[in-house]
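Single-letter residue listing:
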Amino acid sequence: MTALRVDGLYKVFGRHAAQSVNRLRAGASADEIRAEGGTPAVIDVSLAVEPGEIFVVMGLSGSGKSTLLRMLNGLLEPTAGTVHVGDDEITALSGKALREVRQRRISMVFQHFALLPHRSVVDNAAYALEVRGVDRRTRLAAANEALAMVGLEGQADKRPDELSGGMQQRVGLARALASEADVLLMDEAFSALDPLIRREMQDQLLELQARLGKTIVFITHDLNEAMRLGDRVAVMRDGRVVRLGTPESILDDPGDEYVERFLADVDRARVYTAADVMAPVSVVPVDVPPAVALEALGGRGVTALAVVDRAGKLMGVVSAADLRAAAGDVTAAVRPPAAQVPATATLAELLGPAGASYAPVAVVDDAGRPCGLVDARAVLGALAGATDDGRPPAGSVDDRAELLEGSRG
């Protein structure tokens, strides 16, 4: 089951809103509806958010993203369409039933913190549980645990005005975590913070997500933030979702000129990962003769091999020149890779090691087994969007044959 599902959602402000929806369904443009006195804020949006996903909705001011978010928890009533949180249809609920779903299944983190100034940090963090009727001892224990998760140990008894902006936003995040809601809605949650604190909060959110696996819908107008945080990203324009996909797929294929212009200044180094640019790895065990490894290297059309121990764990890399100069077994020819990184390492993390060594960077799994090789040319090509279709090139270890061959010494 999806964590959250939206089907055919519309929100039109003004008189005759239902009639405006019918006109939009029949093909009228948003400008035509505005000329008739209506204000279409969200137009025919359908999407599904999977459990444990960070789903980012991005767009410029006025694109409809915040209006969409407010329909996800019933703060705004749609003109048409449905919203489901798990098996609960939000758009069919009202009164007490809707309040109960908000209290138990959906929590919100606001742009401007929305803390109660007269209450302590821990009481703010416990507020959602208090509204739910949880006893004080239980809710304070949950709030203190959530404050520890966001790095606010020792701050429980302070007032919000004693904290920095970044710390206040951490209190808001702790309040959402303490509520144990299924879905977190984050409306421009970091946009009021200065760049350094904003980056720290993004790091914090990613760390928490890796640990807790929450389902998060995150609203932002910041492209780099969207590309950094989102498992998937929906781009809105004039009330409609005009592109939806992974950050990498949207960079590879913007879909239209508007999205392409929107992406012009994205920091590709923090979107693409080692998995996007690595060359498939060819592996030999460390105890084979050099001649056997040379045959394997030539037969697979590559210029470098990954050498592994008997457990399959990476020991290093070898080139043809290394092997021809070796005697005995492959052990004598092994050299360390430029670095060992996980497949999720960003190109920003690969730039230094890839540029400092003729040996490729080795991409390894959690057990240290090699998954692929990456060289500097592949990294630079991806940053430049070097291929004709805009995709990052596959790892180009083969193209550095002369450099790698001559690097032994």
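Nothing here was measured: the structure is a model prediction, and the numbers come from that model.

Conventions used here
Residues numbered from 1 in each chain as written. Predicted model: local features only at pLDDT ≥ 70, side-chain atom pairs only at ≥ 80, totals over all residues. Heavy atoms only, no water. Helix = DSSP H or I, 4+ residues; strand = E, 2+ residues; numbered from the N terminus. Buried < 20%, exposed > 50% of the residue type's maximum accessible area, 1.4 Å probe, protein only. Contact = heavy atoms within 4.5 Å. Lys, Arg positive; Asp, Glu negative; His and termini not counted. Charge placed at Lys NZ, Arg CZ, Asp CG, Glu CD. pLDDT = per-residue confidence, 0-100. 1 Å grid on protein atoms, 1.4 Å probe; cavity = no way out; pocket = protein on both sides within 12 Å on 5 of 7 lines; lining within 4 Å. Points joined across faces, edges and corners; volume = space filled by probe spheres on them. Nonpolar A, V, L, I, M, F, W, Y, C, P; charged D, E, K, R; others polar. Pairing = 2+ DSSP bridges. Axes fitted to C-alpha atoms, helices over the stretch in contact; angles between N-to-C directions. Parallel < 35°, antiparallel > 145°, perpendicular 65-115°, else oblique. Left-handed = near helix turned anticlockwise from the far one by under 90°. Arc of directions from axis to C-beta. Expected span 1.5 Å × (residues − 1). Salt bridge = Lys/Arg side-chain N within 4 Å of Asp/Glu carboxyl O. Polar contact = N/O pair within 3.5 Å; in protein donor to acceptor, adjacent residues only side chain to side chain. UniProt positions renumbered as here; feature names shortened; annotations may be inferred. Core = buried A, V, L, I, M, F, W, Y, C linked by side-chain atoms within 4.5 Å.

**Some remarks on the overall build of the protein chain**
Here is step 1 of the chain: Along its length, the protein chain carries 18 helices and 17 strands.
Here is step 2 of the chain: Taken along the three principal axes of its C-alpha coordinates, the protein chain extends 80 × 55 × 35 Å.
Here is step 3 of the chain: Taking all 409 residues of the protein chain together, the buried fraction comes to 52%.
Here is step 4 of the chain: Within the protein chain, contacts between residues separated by at least 24 positions form 65% of all contacts whose residues are at least 6 apart in sequence.
Here is step 5 of the chain: Charge separation in the protein chain, taken as the distance between the mean sites of 44 positive and 56 negative side-chain charges, equals 6 Å.

**Details of the confidence of the model for the protein chain**
Here is step 1 of the chain: Averaged over all residues, the pLDDT of the protein chain is 86; the fraction at 70 or higher stands at 93%.
Here is step 2 of the chain: When the criterion is pLDDT under 50, residues 386-391 qualifies, and its contacts beyond four places in sequence or with other chains add up to eight contacts.
Here is step 3 of the chain: Between residues 393-409, whose pLDDT stays under 50, and residues either more than four places distant or in other chains, the model counts 51 contacts.

**Here we look at the layout of surface pockets**
Once rolled over the atoms, a probe with the size of a water molecule shows which space is left empty.
Here is step 1 of the chain: Approximately 600 Å³ is the volume attributed to the largest pocket.
Here is step 2 of the chain: Around the largest pocket sit 18 residues that line it, and L206, R228, R270, T344 and T346 are the ones nearest its centre.
Here is step 3 of the chain: Where the lining of the largest pocket is concerned, the elements lending two or more residues are α9 (195-212), α10 (223-229) and α11 (247-252).
Here is step 4 of the chain: Residues of the lining of the largest pocket, tallied by class, amount to seven nonpolar, five polar and six charged.
Here is step 5 of the chain: A volume near 470 Å³ is recorded for the second largest pocket.

**Some details on the sheet that holds strand β15 (residues 340-341)**
Here is step 1 of the chain: Spatial strand order, β11-β17-β16-β15: four strands in an open sheet with mixed pairing. One side of each edge strand has no neighbouring strand; the edge strands of this open sheet are β11 (279-280) and β15.
Here is step 2 of the chain: Bridge count for β15 against strand β16 (residues 361-364) is two bridges, and the pairing is parallel. Considered in β16, the bridge of V341 is made with V363.

**Observations regarding the packing of helix α8 (residues 165-178) against α9**
Here is step 1 of the chain: At a closest axis distance of 10 Å, the pairing of α8 and α9 adopts a crossing angle of 20°. With respect to α9, the element α8 is oriented roughly parallel. Helix-helix and strand crossings are classified by hand; for α8 and α9 the assignment is right-handed. Across the interface between the two elements, G166, Q169, R170, L173 and L177 of α8 pack against I197, E200, M201, Q204, L208 and L212 of α9.
Here is step 2 of the chain: Partitioning the contact of α8 with α9 into residue classes produces six nonpolar, three polar and two charged.

**Remarks on the environment of A367**
Here is step 1 of the chain: Looking at where A367 falls in the secondary structure, it is placed in the loop between β16 and β17 (370-374).
Here is step 2 of the chain: For A367, a relative accessible area of 40% corresponds to the partly exposed category.
Here is step 3 of the chain: As a C-alpha pair, A367 and L314 span 53 residues in sequence and 9.3 Å in three-dimensional space.

**Structural notes on helix α1 (residues 17-25)**
Here is step 1 of the chain: For α1, the set of buried residues is A17, S20, V21 and L24. All buried residues of α1 project into a common sector of 105° when viewed along the axis, lining one side. In α1, the exposed positions angled more than 90 degrees off the buried face are occupied by A18, Q19 and R25.
Here is step 2 of the chain: At the C-terminal side of α1, G27 shows a positive phi close to 115°.

**Overview of α8**
An α-helical turn contains 3.6 residues, so any two residues separated by three or four positions project in the same direction.
Here is step 1 of the chain: A rise of 1.5 Å per residue sets the reference length of α8, with its 14 residues, at 20 Å; its end C-alpha atoms lie 20 Å apart and thus fit the reference within 8%.
Here is step 2 of the chain: In terms of burial, α8 is largely enclosed, as twelve of its 14 residues are buried.
Here is step 3 of the chain: Turning to α8, its buried residues are G166, Q168, Q169, R170, V171, G172, L173, A174, R175, A176, L177 and A178.
Here is step 4 of the chain: Its buried side turned inward, α8 meets β6 (106-109), α5 (121-125), α6 (127-132), α7 (136-149), β7 (183-187) and α9.
Here is step 5 of the chain: Just past α8, the residue E180 takes up positive phi, approximately 55°.

**A word on the pattern of salt bridges**
Here is step 1 of the chain: Counted according to the given criterion, the structure contains 19 salt bridges.
Here is step 2 of the chain: A salt bridge links D123 to R136; the nearest nitrogen and oxygen atoms lie 3.4 Å apart. Within this pair, whereas D123 is found in helix α5, its partner R136 is found in helix α7, the two being separated by 13 residues in sequence.
Here is step 3 of the chain: Among the salt bridges present, the one from E257 reaches R261, with a minimum N-O distance of 3.5 Å. Taken as a pair, E257 and R261 lie in helix α12 (residues 257-262) at a separation of four residues, close to a single helical turn. The pair E257 / R261 is uniform in exposure class, with both members exposed.
Here is step 4 of the chain: Here the salt bridges share partners, and the residues they tie into one network are D87, D88, R105 and D182.

**Concerning the side chain of S179**
Here is step 1 of the chain: One can find S179 in the loop between α8 and β7.
Here is step 2 of the chain: Residue classification places S179 among the buried positions, given a relative accessible area of 2%.
Here is step 3 of the chain: Among the polar contacts listed, one links the side chain of S179 to the backbone oxygen of A176, at a separation of 2.6 Å.

**Some remarks on the UniProt feature "domain: ABC transporter" (unreviewed entry) in the protein chain**
Here is step 1 of the chain: UniProt marks residues 4-263 with the feature "domain: ABC transporter" (unreviewed entry), using the numbering shown here.
Here is step 2 of the chain: For residues 4-263, helix accounts for 42% and strand for 23%, while the C-alpha atoms at its two ends are 27 Å apart.

**Notes on the nonpolar core**
Here is step 1 of the chain: Formed by 66 residues in total, the largest nonpolar core has its most connected members in M186, F218 and L350.
Here is step 2 of the chain: In terms of residue count, α8 provides more of this core than any other element does, six residues in total.
Here is step 3 of the chain: Among the nonpolar cores identified, the runner-up in size contains 26 residues, and M71, L72, M108 and A234 belong to it.

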